[in-house]
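A closer look at the structure
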Amino acid sequence: AAPGGATGAVAAITTVEPVWVEICTRDAASGAWRERSAEVLKHTQSTMWMCKVEPTLGGSFLRIRLRGQFFLYNQIRLMVGSAAAVARGTLPEDLLDLALELPVEMHMPLAPPTGLFQRTSGFTMLDPRAGFAAMDSEQASLCMLPDSGFVLLDDTGTAAAESFTSRVEAEVARLWRAGGEA
């Protein structure tokens with residue numbers, strides 16, 4: 001040992017890249033950030049009208065309800081996975097803003113498909129060719145369904161859909177707990 005109790009070893013200095021560097025995609029050949037073209041960005045625009053998070057199953061799970069237009073492949077899983085990573089503190093919230101603003105390709109966290117299911121599809125933009133239809137009374141009020149329109153699910157049908165959703169959620173919770181995922 002060196003005088004004063006210090007060892008003669010020299011610690012290697014390593015630089016730690018910020019989280020965003022690991023998420024952004026580089027071109028394999030040039031090493032430059034890989035950007036999406038304006039044409040690609042134009043055709044991958046989605047619109048979100050509602051995102052509602054509510055506890056379910058006694059607060060041990062969350063139900064996430066989304067309403068929007070033009071969801072892309074894995075978009076819901078990417079949104080849920082990114083939100084969960086921010087909530088856990090493993091992804092800075094500022095990175096979500098960057099992901100929405102920059103044309104750079106990013107690999108965001110992907111939520112597992114287990115437990116994600118589509119309860120209903122609906123119509124947010126009323127189309128006179130479709131006869132102004134809404135899925136349920138909630139959607140009818142949100143899209144200001146005209147008197148000439150119709151609602152596909154009455155209150156009994158909506159209650160049955162909610163009951164089915166609750167049964168599916170309970171089964172998913174049981175499977176998650178049995179598999180050690182909860």
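A quick note: this is a predicted structure, and the numbers were derived from the prediction, not measured.

Turning to the side chain of Thr165, a few remarks are in order. The residue Thr165 is located in helix H6 (residues 155-178) in this model. With near-sequence residues (within four places) excluded, Thr165 lies in contact with Arg63, Phe117 and Arg119.

For the rest of this paragraph, the subject is the packing of aromatic side chains. Using the criterion set out here, one finds one aromatic pair in the structure. Centre to centre, the rings of Phe61 and Trp176 are 5.2 Å apart; their planes meet at 40 degrees, and the pair counts as tilted. In this pair, Phe61 is assigned in strand S2 (residues 61-69) and Trp176 in helix H6, connecting sequence segments 115 residues apart. Each member of the pair Phe61 and Trp176 is classed as buried.

So, on to the pattern of salt bridges. Applying the stated criterion to the full structure yields six salt bridges. For the salt bridge of Arg63 with Glu169, the shortest nitrogen-to-oxygen distance reads 2.7 Å. Placement of Arg63 in strand S2 and of Glu169 in helix H6 is noted, with a sequence separation of 106 residues between them. No difference in accessibility class separates Arg63 from Glu169, as the two residues are buried. Between Arg65 and Glu138 there is a salt bridge whose closest N-O contact spans 2.9 Å. Taken together, the residues span a long stretch of sequence, with Arg65 in strand S2 and Glu138 in helix H5 (residues 137-142) at a distance of 73 residues. Take Glu138: its relative accessible area is 29%, and that puts it in the partly exposed class.

Here we take up unusual backbone geometry. Apart from glycine, the bulk of residues carry a negative phi angle, and the bulk of peptide bonds sit in the trans form. Not every positive phi belongs to a glycine, and Leu57 is a case in point at roughly 50 degrees. For Leu57, the location among the structural elements is in the loop between strand S1 (47-56) and S2. Classification of Leu57 by relative accessible area gives partly exposed; the value is 34%. Not every positive phi belongs to a glycine, and Asn74 is a case in point at roughly 65 degrees.

What follows is about H6. Quick reminder: α-helices carry 3.6 residues per turn. Residues three or four places apart thus point the same way. Over its 24 residues, H6 extends 35 Å from the first C-alpha to the last, a length consistent with the 34 Å expected when each residue adds 1.5 Å. Residues Gly157, Thr158, Ala161, Thr165, Glu169, Val172, Ala173 and Trp176 constitute the buried set of H6. Tucked into the core, H6 has its buried residues touching S1 and S2. Measuring from the side-chain oxygen of the N-cap residue of H6 to the backbone nitrogen of Thr156 gives 3.2 Å; that N-cap residue is Asp154. Gly180 sits one or two positions beyond H6 and adopts a positive phi of about 75 degrees.

Looking now at the side chain of Asp136. Looking at the secondary structure, you find Asp136 in the loop between strand S3 (133-134) and H5. Judged by relative accessible area, Asp136 falls into the buried class, the value being 6%. Sequence-distant contacts of Asp136, that is, excluding residues within four places in its chain, are made with Arg67, Val151, Leu153 and Thr158.

Its location among the elements puts Leu96 in helix H4 (residues 93-101). Each C-alpha atom of the pair Leu96 and Ala83 lies 8.7 Å from the other, and the pair is 13 residues apart in sequence.

Another aspect to go through is a negative patch on the surface. Together, Glu93, Asp94, Asp97 and Glu101 line one region of the surface with negative charge. As for its placement among the helices and strands, Glu101 is situated in helix H4.

For helix H3 (residues 75-88), which comprises 14 residues, the first-to-last C-alpha distance of 20 Å matches the rise-based estimate of 20 Å (1.5 Å per residue) to within 8%. Along H3, the residues that are buried comprise Gln75, Val80, Gly81, Ser82 and Ala85. Of the surrounding secondary structure, the elements contacted by the buried residues of H3 are S2 and H4. Directly beyond the C-terminal end of H3, a positive phi value near 85 degrees is found at Gly89.

Rules behind the numbers
- Residues numbered from 1 in each chain as written.
- Predicted model: local features only at pLDDT ≥ 70, side-chain atom pairs only at ≥ 80, totals over all residues.
- Heavy atoms only, no water.
- Helix = DSSP H or I, 4+ residues; strand = E, 2+ residues; numbered from the N terminus.
- Contact = heavy atoms within 4.5 Å.
- Phe/Tyr/Trp six-rings, centres within 6.5 Å; stacked < 30°, edge-to-face > 60°.
- Buried < 20%, exposed > 50% of the residue type's maximum accessible area, 1.4 Å probe, protein only.
- Salt bridge = Lys/Arg side-chain N within 4 Å of Asp/Glu carboxyl O.
- Expected span 1.5 Å × (residues − 1).
- Polar contact = N/O pair within 3.5 Å; in protein donor to acceptor, adjacent residues only side chain to side chain.
- Patch = residues over 30% accessible without salt bridge, like charges linked within 9 Å, V, L, I, M, F, W, Y side chains within 5 Å.
- Areas by Shrake-Rupley, 256 points an atom, 1.4 Å probe, with all protein chains shown as cover.
- Lys, Arg positive; Asp, Glu negative; His and termini not counted.
- Charge placed at Lys NZ, Arg CZ, Asp CG, Glu CD.

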